[in-house]
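Results of the structural survey
Residues per chain are reported as follows:
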Amino acid sequence: MFASVLSAAILGVEVCPVQVEADVSNGLPSFIMVGFPSAQVKEAQDRVRTALKNNGYQFPPKRITVNFAPADMKKEGAGFDVPVAAAVLAAFEIISSRDVNGVMMAGEIGLDGEIHGISGILPMVLCARSLGCRFCVVPYENLKEGRLIKDVPVAGVKNLKELIECIQNPEPYLKMEIQEDISARNTDKGMDFSDIEGQEGAKRAAEIAVSGFHNMLLIGPPGTGKTMLARRLPTIMPGLGFEEKLELTRIYSIAGLLSRENPLMNERPFRSPHHTSTPQAIAGGGRNPRPGEITLAHKGVLFLDEMPEFSRASLELLRQPLEDKVIQIARASGTYSFPADFMLCAAMNPCPCGYYPDLNRCTCTSGEISHYMGKISRPLLDRIDISTEVPPVSFAQLHCGKKGETSTIIRKRVEKVQKIQEERYKDEKISFNGQLRSSLIDKYCPLTDSASKLLARAFERIAFSARSYHRILKVARTIADMEEEEIISGHHIGEALSYRAFDKDFVIK
Ligand SMILES: [Zn+2]
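Our subject in this report is the structure included herewith. Since we're looking at a predicted model, the values are computed, not measured.

Now for the coordination of the zinc ion. Within the protein, the atoms that donate to the zinc ion are Cys351 (SG), Cys353 (SG), Cys362 (SG) and Cys364 (SG), at distances of 2.1 to 2.4 Å. With four donor atoms in place around the zinc ion and angles of 106 to 112° between them, the coordination shape is tetrahedral. Taking relative accessible area as the criterion, Cys362 reaches 12% and is therefore assigned buried.

Put into structure tokens, the structure is as follows:
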């Protein structure tokens, strides 16, 4: 008998449907698998056979062939155990092959017949939706994740016995309730901008950066709250729409990082890789490519603390995704593209000891300082629009007793400014001032007379590069938008010029 069951393979962040076909025929008893399965997928035959035997399904000695179609892509992971088991059971006519028609299934089977959770369930269910499947069968552990998609019925099974029952009579499994509300917001983090005392300048810079989606660099001695500020950036970004949440959940599902209890990614991510992270951990990769830190920071913030300590290779690879918002990873099996639309926030000390320009405390020579600054490549700095100092907080600021604004208040303003930009750029391929290309700057950054004069004066004095000049205009555009002004005036330019801390004070010529 021949039977076919639908499952799916994960390639990067894409999902491809895979037909798992089983055929039982007379001949020497054997169990063979064809259709480009990886070594791990091949192990399914032992797991499935042992699990079926341990659950009382003894097969007559026959020749079993399992084929994965299409054969031209490699099948990875343990998720094929369930479809292989179902196809074999159907081929032996223990279950009807009509019942498995139009059902997407995936899961790992233990030797005792228990079905274990796997990563990548959400994208598979999305794939089932696009194929118009009748329903999906997933491991019970992944049921909450699968049920995030409303228009496909999803059943969760705990073991082989339930799998067979569910295929024969799916109704009770599809109706099975999950206790709590999965769309509840997980608000346990409780981080808020009002936690930050003092640092008004840096908070203002952060609001501008988020409003216009500008990358930012925080420069200051240790212990002034650079990390605290960075961690709170996602709290002032606009909330995610449902489709964006699904997109993020897909990525985290494939990376195997979803929580079983709260599978939906409700919050914008904040990723803070350590400076010893390998380029591969940051970019993503591996034989069967997995998302790296920059993809896990998609729609949120990638924070590089102590940026000069990162390896040059790790910093250099950020350049392309900062431009293109995706990262391409080439492998023998093909080129994978992972989304990487994140806001970069970097932090650094002003010198190796951390106290420059406080010459009473700084013990570094000017050579040491230039070497330290030189570790960050110019091309990467060129992609950072706002660099600002985070100075030590004075005693008076700490004890003024005044609470700062909450994240909710700031987020409302940010949302308004982002609406203005969306409206302005609706015919361009961008949505934020931070993405303005040099060819669009003249069109969208009109200046008053006094603003052009101020810019010309600053240009003569500091001798900016063309790129610096464009960055100043982009930041000034955001500041003007925050005041709902269409034409950029002098004080907008003046403030934008103040966010060049890296050029102004710290590069020793
Ligand atoms: Zn120093």
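Let's shift gears to the sheet that holds strand E14 (residues 301-304). Strands sit in the order E11-E14-E17-E10-E18 across an open sheet of five strands; the sheet is parallel. Looking at which strands have only one partner, the edges of the open sheet turn out to be strand E11 (270-271) and strand E18 (386-389). The pairing of E14 with strand E17 (residues 343-348) spans four bridges and is classified as parallel. Each residue of the ladder has a partner; that of Val301, found in E17, is Met343. Sheet strands touched by helix H8 (residues 200-212): strand E10 (216-219), E17 and E18. Its angle to E18, the strand with the most contacts, is close to 170°.

We now examine the pattern of salt bridges. Following the criterion strictly, the structure yields 25 salt bridges and no others. A salt bridge links Arg413 to Glu207, with the nearest nitrogen and oxygen atoms 2.8 Å apart. Placement of the pair is Arg413 in helix H18 (residues 407-424) and Glu207 in helix H8, with a sequence separation of 206 residues. Look at Arg413 and you get partly exposed, because its relative accessible area is 31%. Take Glu207: its relative accessible area is 9%, and that puts it in the buried class. The partner of Lys426 in a salt bridge is Glu423, and the shortest N-O contact between them spans 3.1 Å. Among the charged side chains, a network of salt bridges with common partners joins Arg424, Arg477, Asp481 and Glu486.

Looking now at the nonpolar core. Core analysis: the biggest nonpolar cluster contains 70 residues, and Leu217, Leu304, Met307, Leu318 and Phe342 have the highest contact counts within it. Discounting residues that sit within four places of it in the chain, Phe342 has contacts with Phe213, Asn215, Ile294, Ala297, Lys299, Gly300, Leu302, Leu318, Pro321 and Leu322. One finds Phe432, Ile441, Ile493 and Ala496 within the second-largest nonpolar core, a separate group that totals 51 residues.

Our next topic: the packing of aromatic side chains. Summed over the entire model, instances satisfying the criterion amount to six aromatic pairs. Taking the centre distance of 5.1 Å and the plane angle of 85° together, the rings of Tyr425 and Tyr444 count as edge-to-face. Taken as a pair, Tyr425 in the loop between H18 and helix H19 (438-444) and Tyr444 in helix H19 lie far apart in primary sequence, 19 residues in all. Like Tyr425, the residue Tyr444 is buried in the burial classification. The ring of Tyr140 is capped by Lys158, whose NZ or CZ atom sits 4.7 Å from the centre of that ring. Positioned above the aromatic ring of Tyr355 is the side chain of Arg361, whose terminal nitrogen or guanidinium carbon lies 4.1 Å from the ring centre.

Thresholds applied
- Residues numbered from 1 in each chain as written.
- Predicted model: local features only at pLDDT ≥ 70, side-chain atom pairs only at ≥ 80, totals over all residues.
- Heavy atoms only, no water.
- Donors = N, O, S within 2.8 Å, 3.2 Å for Na, K, Ca; no water.
- Tetrahedral: all angles 85-135°; square planar, octahedral: opposite > 155°, others 65-115°.
- Buried < 20%, exposed > 50% of the residue type's maximum accessible area, 1.4 Å probe, protein only.
- Pairing = 2+ DSSP bridges.
- Helix = DSSP H or I, 4+ residues; strand = E, 2+ residues; numbered from the N terminus.
- Contact = heavy atoms within 4.5 Å.
- Axes fitted to C-alpha atoms, helices over the stretch in contact; angles between N-to-C directions.
- Salt bridge = Lys/Arg side-chain N within 4 Å of Asp/Glu carboxyl O.
- Core = buried A, V, L, I, M, F, W, Y, C linked by side-chain atoms within 4.5 Å.
- Phe/Tyr/Trp six-rings, centres within 6.5 Å; stacked < 30°, edge-to-face > 60°.
- Lys NZ or Arg CZ within 6 Å of the ring centre and 35° of its normal.

Honestly, that's just the spatial picture; any functional story needs more than this.
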